[in-house]
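Inside the fold
Here's the letter readout for the chains.
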Amino acid sequence: MHEWALAEAVIKTSIEIAEKEGLAQVTEVTVKIGNLQQVERPILRFALSQLRPSRFKDAKFRIFTAKTTLKCRVCGNTWVFNKNSLDKETVEAIHFVPEVAHTYIKCPKCGSPDFEIEQGRGIWLETIKGVK
Amino acid sequence: MADPRTSIIPERLSRVRRVVAVSSGKGGVGKSLIATSLALSLAERGCRVGLFDLDFTSPSTHLILGANDVQPTEDKGLIPPKVAGLEYMSLVYYSGNEAAPLRGAETSNALIELLAVTLWNELDYLVIDSPPGIGDALLDLVRLVPQIEFLIVTTPSRLAFETVKKQLRLLQELKIPVVGIVENMKMTQASSVKQQTEALGIRFLTEIPYDPAVEDAIGNPQKLFSTAIGRKVRELSKTM
């Protein structure tokens, strides 16, 4: 249920943006979740629906998962994160703090932990649509 | 469009009366021992206290506290476990005994994540053990934590204090409250650090003699108060 905390953050930020842009009603919120964090989409969706304020009553929450690409800073190798190569405890640790991927994942080509998360880290508010 | 995590951080800390980051421009000056002793002393005085280890690449407060076999519980966020009377949060819950080789942006991301999802109870004090240096953690705390205050640790060495003075000037320029300076590992009667601190208009909190016995107190929070650090910080906590 740590997804609930992330959903609260999404709603709070969405409210701030809606106010800034003068949206009286929000009709659509698009959230991207990076595959690395392994956020449970049904839980996130449920939390968003429970936390929505009145201005969001008709809002549709679009949630999509982005694949995670990692790039080694040492040898330049780029690869796609795959949780199946990790045990359950490690996946859970990365779920709570994606940066601990640097503790458990090494470049498959040269073995370095010095890689960049090019895309697909965690939660990101992509777009908000509404009427003024 | 936006990272949603940062906007929730002030709300997560809204029930914390004071957030005190124990920090130093230099490493190896005793920040973790002082941060832990301060948190324990305040708790001993009946305050509700949290301790948050932000030294992600070299965490050590879990060793000082002897925190074994504890994990946050998950309920609409992460609820820190109680260790020695403190609500205690650290990256070691997730990195274990292995290295967390993080670059600056990654450190920031981990810090933002933990600040955004950790659910502290109502606290009188949240003591933060900061990593050394005038870098990402200091700048992120200033940017993200509205009620941040710094308690700065130095040693008598010019090598430490010259960097600490730069850190103090930066915090003064940024108008960030500085609780004061603690001079740790003192081995002479010299008062140079005290004089220079006061000349900067900053409170000199205390000086702590070098005490090799502190090594034997690691892992035993109560034994910490039989050391010079524990005793001096306990006195200091009465003036917070």
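Residues numbered from 1 in each chain as written. Chains lettered and ligands numbered in written order. Predicted model: local features only at pLDDT ≥ 70, side-chain atom pairs only at ≥ 80, totals over all residues. Heavy atoms only, no water.

Focus on the nonpolar core
Ranked by size, the top nonpolar core spans 122 residues in total, and within it Tyr94(B) and Leu151(B) carry the most contacts. A per-element tally of this core places helix 1 (residues 2-20) of chain A first, with nine residues. Apart from residues lying up to four places away in sequence, Leu151(B) is in contact with Val20(B), Ala21(B), Val22(B), Ser23(B), Leu38(B), Val179(B), Gly180(B), Val182(B), Leu205(B) and Leu236(B). (Core = buried A, V, L, I, M, F, W, Y, C linked by side-chain atoms within 4.5 Å. Buried < 20%, exposed > 50% of the residue type's maximum accessible area, 1.4 Å probe, protein only. Helix = DSSP H or I, 4+ residues; strand = E, 2+ residues; numbered from the N terminus. Contact = heavy atoms within 4.5 Å.)

Overview of the interface of chain B and chain A
Listed per partner, the contact involves 30 residues of chain B and 36 residues of chain A. Together chain B and chain A conceal approximately 2,800 Å² of surface at their shared face, both sides included; 63% is due to carbon and sulfur atoms. The interface formed by chain B and chain A contains four salt bridges. For the salt bridge of Arg121(A) with Glu113(B), the shortest nitrogen-to-oxygen distance reads 2.9 Å. Counting the contacts that link chain B with chain A gives 14 residue pairs in polar contact (both at pLDDT 80 or more). Among the elements that make up the side of chain B that touches chain A, the one with the highest residue count is helix 5 (residues 104-117) of chain B (seven residues). (Buried area = accessible area lost by both parts, 1.4 Å probe. Salt bridge = Lys/Arg side-chain N within 4 Å of Asp/Glu carboxyl O. Polar contact = N/O pair within 3.5 Å; in protein donor to acceptor, adjacent residues only side chain to side chain.)

Some words on the sheet that holds strand 10 (residues 204-209) of chain B
Residue and element names in this part refer to chain B. On the basis of which strands lie adjacent, the open sheet formed by eight strands has the order 5-6-2-7-1-8-9-10 and mixed pairing. Where the open sheet ends on each side, the last strands, each with one partner, are strand 5 (82-83) and strand 10. Each of strand 1 (16-23), strand 7 (123-129) and strand 8 (148-154) is contacted by helix 6 (residues 136-144), which is oriented at about 155° to strand 8, the strand it contacts most. (Pairing = 2+ DSSP bridges. Axes fitted to C-alpha atoms, helices over the stretch in contact; angles between N-to-C directions.)

Some remarks on the packing of helix 1 of chain A against helix 5 of chain B
The N-to-C vectors of helix 1 of chain A and helix 5 of chain B enclose an angle of 100°; their axes lie 9 Å apart at closest approach. Considering the angle they form, helix 1 of chain A stands roughly perpendicular to helix 5 of chain B. Every residue of helix 5 of chain B that contacts helix 1 of chain A at His2(A), Ala5(A) and Leu6(A) is listed here: Glu113(B), Ala116(B) and Val117(B). (Parallel < 35°, antiparallel > 145°, perpendicular 65-115°, else oblique.)

Examining a negative patch on the surface
Together, Asp87(A), Glu89(A), Glu92(A), Glu74(B) and Asp75(B) line one region of the surface with negative charge. Considering the arrangement of structural elements, one finds Glu92(A) in helix 3 (residues 88-96). (Patch = residues over 30% accessible without salt bridge, like charges linked within 9 Å, V, L, I, M, F, W, Y side chains within 5 Å. Areas by Shrake-Rupley, 256 points an atom, 1.4 Å probe, with all protein chains shown as cover. Lys, Arg positive; Asp, Glu negative; His and termini not counted. Charge placed at Lys NZ, Arg CZ, Asp CG, Glu CD.)

Observations regarding the packing of helix 1 of chain A against helix 1 (residues 5-12) of chain B
The N-to-C vectors of helix 1 of chain A and helix 1 of chain B enclose an angle of 105°; their axes lie 8 Å apart at closest approach. Taken together, helix 1 of chain A and helix 1 of chain B sit at an angle that is classed as roughly perpendicular. Each of Ala5(A), Glu8(A), Ala9(A), Lys12(A), Thr13(A) and Glu16(A) in helix 1 of chain A lies in contact with helix 1 of chain B, whose residues at this interface are Arg5(B), Ser7(B), Ile8(B), Glu11(B) and Arg12(B). The residue makeup of the contact of helix 1 of chain A with helix 1 of chain B, split by class, is three nonpolar, two polar and six charged. (Nonpolar A, V, L, I, M, F, W, Y, C, P; charged D, E, K, R; others polar.)

Describing the pairing of strand 10 of chain B
Every regular strand shows the same layout, with side chains that alternate between the two sheet faces. Both strand 9 (residues 178-186) of chain B and strand 10 of chain B contribute to a ladder of four bridges, which runs parallel. What sits directly across from Glu183(B), in strand 10 of chain B, is Glu207(B).

Let's talk about the sheet that holds strand 6 (residues 123-131) of chain A
Residue and element names in this part refer to chain A. Pairing is mixed across the open sheet formed by three strands, whose spatial order is 2-1-6. Each edge of the open sheet is held by one strand with a lone partner, namely strand 2 (60-66) and strand 6. Within this sheet the neighbouring strands show an average axis-to-axis angle of 15°, counted without direction. Pairing between strand 1 (residues 25-34) and strand 2: seven bridges, direction parallel. Within the sheet, the bridge partner assigned to Glu-28 lies in strand 2 and is Lys-60. Each of strand 1, strand 2 and strand 6 is contacted by helix 1, which is oriented at about 40° to strand 6, the strand it contacts most.

Section: helix 3 of chain A
Within the sequence span of helix 3 of chain A, burial applies to Thr90(A), Val91(A), Ala93(A), Ile94(A), His95(A) and Phe96(A). As for helix 3 of chain A, its buried residues are in contact with helix 1 and helix 4 (101-104) of chain A together with strand 3 (73-74), strand 4 (78-79), helix 4 (92-95) and helix 5 of chain B. Capping of helix 3 of chain A at its N-terminal end is provided by Asp87(A); its side-chain oxygen lies 3.3 Å from the backbone amide nitrogen of Glu89(A).

A few points about the pairing of strand 9 of chain B
Residues and elements named next belong to chain B. For strand 9, the buried fraction is high: seven of the nine residues fall into the buried class. As defined by bridge partners, strand 8 adjoins strand 9 across five bridges and the pair is classed as parallel. Bridge assignment links Val-153 to a residue of strand 9, and that residue is Val-182. Remark: the strand 8/helix 7 (residues 158-173)/strand 9 crossover connection has right-handed handedness. For the segment spanning strand 9, helix 8 (residues 192-199) and strand 10, crossover handedness is right-handed. (Right-handed = clockwise from strand over helix to strand, strands pointing away.)

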